[in-house]
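Breakdown of the fold
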Amino acid sequence: MFLKTEALDAGYGFLQILRDVNICLEEGEFSCLLGPNGTGKTTTLKTIAGLIKPMKGKVIFNGQEIGGLAGNKVVQKGVVYVSEALNLFTNMSVHDNLLMGAFTVKDHEKIKKRLDYVYDLFQRLKQRHGQLAGTMSGGERKMLAIARGLMSYPKVILVDEPSFGLSPQMTDVVFDALDVLNREQNLTVLVVEQNATKTLEATKNGYVMENGVIVMSGASKDLLADEGIQKTYLGL
Amino acid sequence: MIIKKLVDIWKKTGTVACVMLLVCLALTLGSAITRGPYLLVNVISAGCMLSLVAMGLALVFGVMNIGMFAHGEMFMIGTLVAYFVASPFQNLLYEEHPGLMVYLAPLLAVLAAGAVGFVVGVLVELLLFRPLRKRTKGNWVMNSFLLTVGLGIILVNGHQIIFGANYKAITKYLPGGAVDILGVYVSPDRLAAIIISFLVVIGFWLFMSKTRLGTAVRAVSQDETGSLMVGIDLPLIFTLTMAISCGLAAVAGATLHFMYPSYPSVGLEPTYLSWFVVILVGLGNTTGAMIGAFMVALFKVLTVEYVGSGWDHVVPTALIMLILIFKPSGIFGSAVRSKVDQ
């Protein structure tokens, strides 16, 4: 197992959200975590990324326990989180945002190489490299957030709601980029989504969460064909 | 081409800020021409010193969201350290052949004050704000503000208990008579203070814009969670920010020790003045604080010149209140930024 959570409980203060969450990701796997609003999908990602301390259970990455580490340590290990709020540095240029993304990388050559790769992947960012991040459109900011995440040479990227607030075309661009990263860089990707059809078509494996519990998991195409899923999420 | 660039700057800084800057510039030039260029020298010397204190205050607010009301007490610590380092060498100053030590002692005093301020800043963060941050969920601004007020009271009274309430002063730092600049006689101490604060401000600016840690500090001031997500060690940056801010205030105290003897409540005036500055330009804006420091210095100098020296706090405060009524976010305020943040 590359990244897995073992009987993970987490929440905010006294409020427990996650109950006994077990997720297993193989290296280079493109998976998704689906579920309705307020079921703990984001909490799961935040706990893995070190923004929330788990109440119980373990997060294991590459054989090492990373549950409870501070967020910056988790990034150093190679797990990057792209939040729904994006958390960009709005008063810095696109270029500076990307350089901040490479904060954990010390080698200037490596940073430059990665910058070229990221600019190549998202042409739009290259055109706007001098613009302040806060003045860009929603889609561009989403690209920038993902690009910034990529700058630290992560092995796993956790993306929260890549389609949120985006037009269908822009959503395609973002998903295509994630797909390219997954295939070319052997990057392990876990996306959290509400847009179930699109996500299940793009990913290989999926987990379905309800009220903080994983209720179903399996290959994405099986989930897509599942009657319960179709009824609840796809409106068929 | 030049006009286009000017328009760009205008748009970037905002109309209110540009108008204010132009008015200030006109006031400075006008008064300098009608009353003599010594006003200009006074504004520069007062502004340099004030910017040291105000920038630290703005930094702490911008990065850590703390309304620091013990900032003047760091200034007080600076004067105290300077007194104990520099006064043993004071009798050397008036001997026939003052040695190298006479020049070295003031420098040593400033450096020691900076170092002590830095350490105090680290301690304050580790012992006070870090535990508070762990326990506070909401209401951080209020809680931390109250904590700084308490800290200020403790430091003032601590000074009084340990070192007494009397004035601990040196007569001057450097030997030699006043230097004639533009018809105004400036003491070498004042000149040195201007140069030191100038160098420190430049050093601070270089640190913030060119170094890895400096950019991390800027990043944290813009988005804490985002900083954590790119791998910045938040507790380290908080500690560093507090340390730098306290260090700057202490350096200012040590540099100005020839004007401000060390006594328990010497920090009151720097606290108020730097809060004027920070409120005037908009909270948490360090570059703005530097410019604002010169504005407040200008208000002060002009008031002393035209109204009378007893009014030197009244008129600037009244002006700041007026400006805030029309632009509550401060003249370089974050109205645009918060809009952009959405």
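Residues numbered from 1 in each chain as written. Chains lettered and ligands numbered in written order. Predicted model: local features only at pLDDT ≥ 70, side-chain atom pairs only at ≥ 80, totals over all residues. Heavy atoms only, no water.

As for the domain arrangement of chain A
All names here are of chain A. The criterion, for reference: Boundaries between domains were set according to an automatic or database domain assignment. By definition, residues are in contact when any of their heavy atoms lie within 4.5 Å. A simple way to read buried area is as the amount of 1.4 Å-probe accessible surface that goes missing from two parts once joined, with both sides added.
Each assigned domain of chain A is listed with its residue range as follows: domain 1 (3–78 + 154–234) and domain 2 (87–151). For domain 1 and domain 2, the distance between their C-alpha centres works out to 23 Å. Facing the 19 residues of domain 1 at the interface are 13 residues of domain 2. Taken over both partners, the interface formed by domain 1 and domain 2 buries close to 1,200 Å², and the fraction arising from carbon and sulfur atoms is 76%.

Concerning the nonpolar core
As a reminder, the rule being used: Among buried residues, the Ala, Val, Leu, Ile, Met, Phe, Trp, Tyr and Cys ones that are joined through side-chain atoms within 4.5 Å form a nonpolar core. Accessibility here uses a 1.4 Å probe with only protein chains present; expressed as a share of the type maximum, an area under 20% marks a residue as buried, one over 50% as exposed, and anything in between as partly exposed. Starting at the N terminus, helices and strands are each numbered in turn, a helix being any DSSP run of H or I of at least four residues and a strand any DSSP run of E of at least two.
B:Met74, B:Ile232 and B:Met242 are the most contacted members of the largest nonpolar core, which totals 91 residues. By residue number, the principal contributor to this core is helix H3 (residues 38–64) of chain B, which donates 14 residues. The contact partners of B:Met74, leaving out residues within four places of it in the chain, are B:Met68, B:Val120, B:Val124, B:Leu151, B:Leu155, B:Cys246, B:Ala249 and B:Ala250. Core analysis: the second largest hydrophobic core is formed by 46 residues, A:Cys32, A:Leu88, A:Ala145 and A:Ile146 among them.

A look at the sheet that holds strand E7 (residues 156–160) of chain A
Residue and element names in this part refer to chain A. Let me state the cut-off plainly: Any two strands between which DSSP finds at least two bridges are classified as paired. Lines are fitted to the C-alpha atoms to define the axes, a helix being fitted only along its stretch in contact, and any angle between axes, read from their N-to-C directions, falls within 0 to 180 degrees.
Read from one edge of the open sheet, six strands run E6-E7-E8-E3-E9-E10, paired in mixed fashion. In this open sheet, the two edge strands, each paired with only one partner strand, are strand E6 (79–82) and strand E10 (213–219). In this sheet, neighbouring strand axes are inclined to one another by 15° on average, regardless of whether the strands run parallel or antiparallel.

Notes on a nonpolar patch on the surface
Residues and elements named next belong to chain B. The following threshold applies: Each patch is built from residues lacking any salt bridge and having more than 30% relative accessible area; the joining distance is 9 Å for like charges and 5 Å for nonpolar side chains (Val, Leu, Ile, Met, Phe, Trp, Tyr). Computed with a 1.4 Å probe, the accessible areas rest on the Shrake-Rupley method; for each residue, only the protein chains presented here act as cover. Only one rule defines a salt bridge in this text: a Lys or Arg side-chain nitrogen within 4 Å of an Asp or Glu carboxyl oxygen.
A cluster of nonpolar residues, Trp10, Val19, Leu22, Val23, Leu25, Leu27, Leu29 and Ile33, forms a patch on the protein surface that exposes about 770 Å² of accessible area. When residues of the nonpolar patch are assigned to their parent elements, the largest contribution, seven residues, is made by helix H2 (residues 15–35). Counting through the fold element by element, Leu29 comes out in helix H2.

Focus on the sheet that holds strand E5 (residues 64–65) of chain A
Residue and element names in this part refer to chain A. A sheet is described by the order of its strands in space; here four strands give the open sequence E2-E1-E4-E5, paired in antiparallel fashion. Either end of the sheet is taken by a strand with one partner, and the two such strands are strand E2 (15–25) and E5. As defined by bridge partners, strand E1 (residues 3–12) adjoins strand E4 (residues 56–61) across five bridges and the pair is classed as antiparallel. Across the sheet, residue Lys4 finds its bridge partner in E4, namely Ile60.

Quick notes on the packing of aromatic side chains
Inclusion rule: Only Phe, Tyr and Trp rings take part, Trp by its six-membered ring, and two of them pair if their centres are within 6.5 Å. Stacked means planes under 30 degrees apart, edge-to-face means over 60, and tilted covers everything else. Note on geometry: a ring has a charge over it if NZ (lysine) or CZ (arginine) is within 6 Å of the ring centre and within 35 degrees of the ring normal.
Within the structure shown, the criterion is met by nine aromatic pairs over all chains. Ring plane angle 80° and centroid distance 5.3 Å describe the contact between B:Phe69 and B:Phe145, whose orientation is recorded as edge-to-face. Of this pair, B:Phe69 sits in the loop between H3 and helix H4 (71–86) while B:Phe145 sits in helix H7 (residues 140–163); the two residues are 76 residues apart in sequence, bridging distant segments of the chain. For the ring pair B:Phe69 and B:Trp275, a centre distance of 4.8 Å and an interplane angle of 20° mean the geometry is stacked. Taken together, the residues B:Phe69 in the loop between H3 and H4 and B:Trp275 in helix H12 (residues 268–281) connect sequence positions 206 residues apart. On the basis of relative accessibility, which here comes to 10%, the residue B:Trp275 falls in the buried class. The aromatic ring of A:Tyr153 is capped on one face by A:Arg114, whose charged end is 4.5 Å from the ring centroid. Lying across the ring of A:Phe89, A:Arg148 places its NZ or CZ 4.9 Å from the centre.

So, the environment of B:Gly292
Residue and element names in this part refer to chain B. With respect to the helices, strands and loops of the structure, Gly292 is situated in helix H13 (residues 286–306). The exposure class assigned to Gly292 is buried, which follows from its relative accessible area of 0%. Along the backbone, Gly292 and Ser51 are 241 residues apart, and their C-alpha atoms lie at a distance of 7.8 Å. Residues within four places of Gly292 in sequence aside, it is in contact with Val277, Leu280 and Val281.

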